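Chain by chain, the residues:
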Amino acid sequence: MILYITVAAVTALLAGMVNNRPVTRPYRTTRQQMCNRVCLLSIFLILFALSACRLNVGNDYAKYVEFMHLVNCDAYVPTEIGFNLLVKVIYGLSGFENYLLVFAVYAFVTLWFFLRAMYEQSDDFPLTFFLFMALGYYFQTFSTVRYYLALAVALYAMKFALRRQWGRFLVLILLGSAFHKSLLVVIPLYFLASLPWKRWQLVLAGLFCTTFLFFQDFYLKVVVFLYPTYEGTEYLEGGTSYINIARCAAVLLFAGLVRYMRKRTAAADADDDRRFRFFFYLNLGALALYIFCSFLPIISRIGYYLTVSHILFLPMLLKEVESERLRKLFRAGILLAAVCYFAVYMSRAGDDGVLLLPYKTFFFNDMVNILSDVN
């Protein structure tokens, strides 16, 4: 745990020296731009090294090693074509079952998308990065590596949805879905969030959400049709998170308060309004999913595609607070809440379903036997 806390603290301090809106000069690299490059590279290398050097850390590490072995043996695995091809290529080039390199490639690509998305889209990179670490997004990439690569792609693709560059958005999402097909769900969800909804339309959408309460069997059949491997498994048990419900509700209340306090002019920035609506509707949609669709399998995965926007939305809201005193007060409250969340998350780091502790590397440890080895 000390290692994780140290990494989080050091990288957060490095992020504090990054200004992702630097003043630029033609044909000249400024001191701030150079500082940004050094700090971002340092952050990337630290996080990449921690992830790439781990061994059997994460709740499904051994399961993935088993999947890779089966892919190499041309056996059936419930994974997407992108994952299977990557394993085939790396194992073929390595000449042996080099699962460490597969995990390293996933770590590299996932971190690249996350850091690039935060640097390009955040109004306050240091705060966004702190939330990224404190809310556990980085540490959760140690598990379900396919899903978190998809989540990083989804965060990066938000800029194309906001710009209405739907061609680029679709290409990126389709490529990412080759590694985790759940990413396809953001195509309708992000499109709906980009629309200028009217009140009566929101009322109709709310009424539609109530159908999930009365037609659960029908919706479960749809899920089984899309994910046949879920049939007869514990994944169909559903379940929701009260913490995520509370987070979404708190963010929405804060957004409403900020917009209420803000003294708006007739010439308000259209881009800011579009971004506000997009992030607001993403969180409203996530709240509706967590409340009405708790019976659906792994609803949290769908919700995460929406709530990952918190790390961009909260810095944007803080920027809109005109009073400097209130802005500092709200910022302190956000930081305190994030630290408390991180403390709770770290206290459960060794639990089943997380298994971040103890941290082990391939330098000093051997891989445990996988199912194929036992059989």
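Residues numbered from 1 in each chain as written. Predicted model: local features only at pLDDT ≥ 70, side-chain atom pairs only at ≥ 80, totals over all residues. Heavy atoms only, no water.

A. Looking closely at unusual backbone geometry. Residue Leu-357 is joined to Pro-358 through a cis peptide bond whose omega torsion reads -5°. Here Pro-358 is to be found in the loop between α18 (324-347) and α19 (371-374). Even without a glycine there, the phi angle at Asn-56 is positive, about 55°. Its place among the elements puts Asn-56 in the loop between α2 (31-52) and α3 (61-72). Of the residues examined, Asn-56 reaches a relative accessible area of 21% and is grouped as partly exposed. (Helix = DSSP H or I, 4+ residues; strand = E, 2+ residues; numbered from the N terminus. Buried < 20%, exposed > 50% of the residue type's maximum accessible area, 1.4 Å probe, protein only.)

B. Representation of empty space enclosed by the protein in the model. If you walk through the whole model with that rule in mind, you get one cavity of 30 Å³ or more. One number sums up the size of the largest cavity: a volume of about 80 Å³. What lines the largest cavity is simply Ser-51, Arg-54, Phe-103, Tyr-106, Ala-107, Thr-110, Leu-111, Tyr-138, Thr-141 and Val-145. Looking at which element gives the most residues to the lining of the largest cavity, the answer is helix α5 (residues 99-121), with five residues. When the residues that make up the lining of the largest cavity are grouped by side-chain class, the tally is six nonpolar, three polar and one charged. (1 Å grid on protein atoms, 1.4 Å probe; cavity = no way out; pocket = protein on both sides within 12 Å on 5 of 7 lines; lining within 4 Å. Points joined across faces, edges and corners; volume = space filled by probe spheres on them. Nonpolar A, V, L, I, M, F, W, Y, C, P; charged D, E, K, R; others polar.)

C. Geometry of the packing of α2 against α5. Contact geometry for α2 and α5: axes closest at 10 Å, N-to-C directions at 145°. Taken as a pair, α2 and α5 cross one another with a handedness that is right-handed. Touching Asn-36, Leu-40, Ile-43, Phe-44, Leu-47, Phe-48, Ser-51 and Ala-52 of α2 are Ala-104, Ala-107, Phe-108, Leu-111, Trp-112, Leu-115 and Tyr-119, all from α5. Residue composition of the contact of α2 with α5, grouped by class: 13 nonpolar, two polar and no charged. (Axes fitted to C-alpha atoms, helices over the stretch in contact; angles between N-to-C directions. Left-handed = near helix turned anticlockwise from the far one by under 90°. Contact = heavy atoms within 4.5 Å.)

D. Looking closely at the pattern of salt bridges. Scanning all chains against the criterion turns up ten salt bridges. For Asp-74, the salt bridge goes to Lys-88, with nearest N and O atoms at 2.4 Å. Pair noted here: Asp-74 is in the loop between α3 and α4 (81-94) and Lys-88 is in helix α4, with a separation of 14 residues, a long-range link. Glu-120 is the salt-bridge partner of Lys-159, the closest N and O atoms lying 2.5 Å from each other. Here Glu-120 lies in helix α5 and Lys-159 lies in helix α8 (residues 145-162), a separation of 39 residues in the sequence. Overall, the relative accessible area of 27% leaves Glu-120 in the partly exposed class. By sharing partners, the salt bridges in this structure join Arg-116, Glu-120 and Lys-159 into a single network. (Salt bridge = Lys/Arg side-chain N within 4 Å of Asp/Glu carboxyl O.)

E. Molecular detail of the packing of α3 against α5. Taken N-terminus to C-terminus, the directions of α3 and α5 make an angle of 115°; their axes are 10 Å apart at the nearest point. Considered as vectors, α3 and α5 are oriented roughly perpendicular to each other. Crossing geometry of α3 relative to α5 is assigned as right-handed. Counting all contacts with α3, which are made through Tyr-61, Tyr-64, Val-65 and Met-68, the residues of α5 involved are Tyr-99, Leu-100, Val-102 and Phe-103. Here the residues of the contact of α3 with α5 are counted per class, giving eight nonpolar, no polar and no charged. (Parallel < 35°, antiparallel > 145°, perpendicular 65-115°, else oblique.)

F. Molecular detail of the packing of aromatic side chains. Applying the stated criterion across every chain, the model contains 41 aromatic pairs. The interplanar angle of 70° and the centroid separation of 6.1 Å between the aromatic rings of Tyr-119 and Phe-125 together place this pair among those described as edge-to-face. A relative accessible area of 22% means that Tyr-119 is categorised as partly exposed. Since its relative accessible area comes to 0%, Phe-125 is described here as buried. On the numbers, 4.4 Å between centres and 35° between planes, the contact of Phe-362 with Phe-363 is tilted. Under the relative-accessibility criterion, Phe-362 is labelled partly exposed at 32%. Classification of Phe-363 by relative accessible area gives exposed; the value is 55%. Over the ring of Phe-276 we find Arg-259, and its NZ or CZ is 3.8 Å from the ring centre. (Phe/Tyr/Trp six-rings, centres within 6.5 Å; stacked < 30°, edge-to-face > 60°. Lys NZ or Arg CZ within 6 Å of the ring centre and 35° of its normal.)

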